[in-house]
Amino acid sequence: EDQVTQSPEALRLQEGESSSLNCSYTVSGLRGLFWYRQDPGKGPEFLFTLYSAGEEKEKERLKATLTKKESFLHITAPKPEDSATYLCAAVNSGGSNYKLTFGKGTLLTVNP
Amino acid sequence: DVKVTQSSRYLVKRTGEKVFLECVQDMDHENMFWYRQDPGLGLRLIYFSYDVKMKEKGDIPEGYSVSREKKERFSLILESASTNQTSMYLCASSGQIGNQPQHFGDGTRLSIL
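Residues numbered from 1 in each chain as written. Chains lettered and ligands numbered in written order. Predicted model: local features only at pLDDT ≥ 70, side-chain atom pairs only at ≥ 80, totals over all residues. Heavy atoms only, no water.

Broken down by element type, chain A carries 0 helices and 11 strands. Listed N to C, the secondary structure of chain A is β-β-β-β-β-β-β-β-β-β-β in terms of helices and strands. Since a compact globule built from 112 residues should have a radius of gyration of about 13 Å, the 14 Å found for chain A is in line with a globular shape. With respect to the principal axes defined by its C-alpha atoms, chain A has extents near 45 × 30 × 20 Å. Taken over 112 residues, chain A has a buried fraction of 45%. Within chain A, contacts between residues at least 6 apart in sequence are counted, and of these 56% link residues at least 24 apart. Within the structure as shown, chain A displays about 5,400 Å² of accessible surface, and the carbon and sulfur contribution to it stands at 46%. One finds the centroid of the 13 positive side-chain charges in chain A at a distance of 4 Å from the centroid of its 14 negative side-chain charges. (Helix = DSSP H or I, 4+ residues; strand = E, 2+ residues; numbered from the N terminus. Rg over C-alpha atoms; globule rule 2.2 N^0.38 Å. Buried < 20%, exposed > 50% of the residue type's maximum accessible area, 1.4 Å probe, protein only. Contact = heavy atoms within 4.5 Å. Areas by Shrake-Rupley, 256 points an atom, 1.4 Å probe, with all protein chains shown as cover. Lys, Arg positive; Asp, Glu negative; His and termini not counted. Charge placed at Lys NZ, Arg CZ, Asp CG, Glu CD.)

Structural data, given as structure tokens:
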């Protein structure tokens, strides 16, 4: 069974204090790894897709990387507006190829 | 930009009522999804549709049904609402499974009293 585990569950940073969020996955034949941001009371907002080990994507203060077993979301010099829950999800290349397996998310709080 | 619109942000219904949640996407996506999101349980797939009138069960289909009569519209139906169906319901759409991300609406916060 596919599994996605995110750590830590919650992370509190000071503004400007860089850190990383982890997403470990066990998926038979990874077809894609997705990162989302979710603000309270809203739906997840798509950030990145990663397809193969070694791939990296960047957007403003965020950079996502992928290895064969995990993905990292690096946050450089975060600002309070980066506070949100960050979700990762994986899709396999097997029979039920529609199904995204989601992690439970990391709640990031950035204090001014 | 992809836009997925859910008909209600907040909804309060009574036990035993039949409840309809509506979702519309404007990107001509083949695939549409319904999830529920609960604290500590994350996002769980209820139903999925890959074409008009086609549907597949997700992880937790019991107590729900869906309808897709037009490509842009996907409805979730709670046949007889129960209190354990109080949740945040999220609709999503995507163009191609696995290669393209799912794009989500802002959700419907449903309370069953």
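Back to the text.
Within chain B, the regular secondary structure consists of 0 helices and 11 strands. Along its sequence from the N terminus, chain B presents helices and strands in the succession β-β-β-β-β-β-β-β-β-β-β. Over its C-alpha atoms, taken along the principal directions, chain B stretches across nearly 40 × 30 × 25 Å. For chain B, contacts bridging at least 24 residues in sequence account for 55% of all contacts bridging at least 6. Surface accessibility of chain B: about 5,400 Å² in total, with carbon and sulfur atoms responsible for 48%. Side-chain charges in chain B split into 15 positive and 15 negative, and the spacing between the mean points of these groups amounts to 6 Å.

Bringing the sheet that holds strand E3 (residues 19–25) of chain B into the picture now. Residue and element names in this part refer to chain B. Strand order in the open sheet formed by 4 strands is E1-E3-E8-E7, and the pairing between neighbours is antiparallel. Lying at the two open borders of the sheet, with one neighbouring strand each, are strand E1 (4–6) and strand E7 (64–70). Neighbour-to-neighbour, the strand axes of the sheet open up by a mean angle of 20°, direction not taken into account. As judged from the 5 bridges shared by E7 and strand E8 (residues 73–78), these two strands associate in the antiparallel manner. Its bridge partner being in E8, Ser67 is matched across the sheet by Ser75. (Pairing = 2+ DSSP bridges. Axes fitted to C-alpha atoms, helices over the stretch in contact; angles between N-to-C directions.)

Let us now look at the nonpolar core. In this structure, Leu33, Trp35, Leu73 and Tyr86 of chain A are the most contacted members of the largest nonpolar core, which totals 23 residues. Here the element with the most residues in this core is strand E9 (residues 84–92) of chain A; it accounts for 4 residues. By size, the runner-up hydrophobic cluster in this structure holds 20 residues, among which are Val19, Cys23, Ala81 and Leu110 of chain B. (Core = buried A, V, L, I, M, F, W, Y, C linked by side-chain atoms within 4.5 Å.)

Attention now moves to the state of the cysteines. Tallying each qualifying case throughout the model produces 2 disulfides over all chains. What pairs with Cys23 of chain A in a disulfide is Cys88 of chain A, and their sulfur atoms sit 1.9 Å apart. Its S-S torsion of approximately 75° makes the covalent link between Cys23 of chain A and Cys88 of chain A right-handed. You can see Cys23 of chain A sitting in strand E3 (residues 19–26) and its partner Cys88 of chain A sitting in strand E9, a full 65 residues away along the chain. In terms of burial, Cys23 of chain A and Cys88 of chain A fall into one category: buried. Here Cys23 of chain B engages in a disulfide with Cys91 of chain B; their sulfurs sit 1.9 Å apart. Across the disulfide from Cys23 of chain B to Cys91 of chain B, rotation about the S-S bond amounts to roughly -80°, and the bridge is consequently left-handed. A residue pair is termed long-range when its members are at least 10 positions apart, and Cys23 of chain B in strand E3 and Cys91 of chain B in strand E9 (residues 87–94) qualify at 68 residues. An identical accessibility class is assigned to Cys23 of chain B and Cys91 of chain B; each is buried. (Disulfide = S-S within 2.5 Å.)

Backbone-to-backbone hydrogen bonds join strands into a sheet, with any given pair of strands oriented parallel or antiparallel. All names here are of chain A. If you walk across this open sheet you meet the 5 strands as E1-E3-E8-E7-E6, and the pairing is antiparallel. Two strands in the sheet have a free side with no partner beyond their single neighbour: strand E1 (3–7) and strand E6 (56–59). Strand-to-strand twist in this sheet, taken as the mean axis angle between neighbours without regard to direction, amounts to 15°. Pairing analysis gives 5 bridges linking E1 to E3, with the strands arranged antiparallel. Across the sheet, Thr5 pairs through a bridge with Ser24, a residue of E3.

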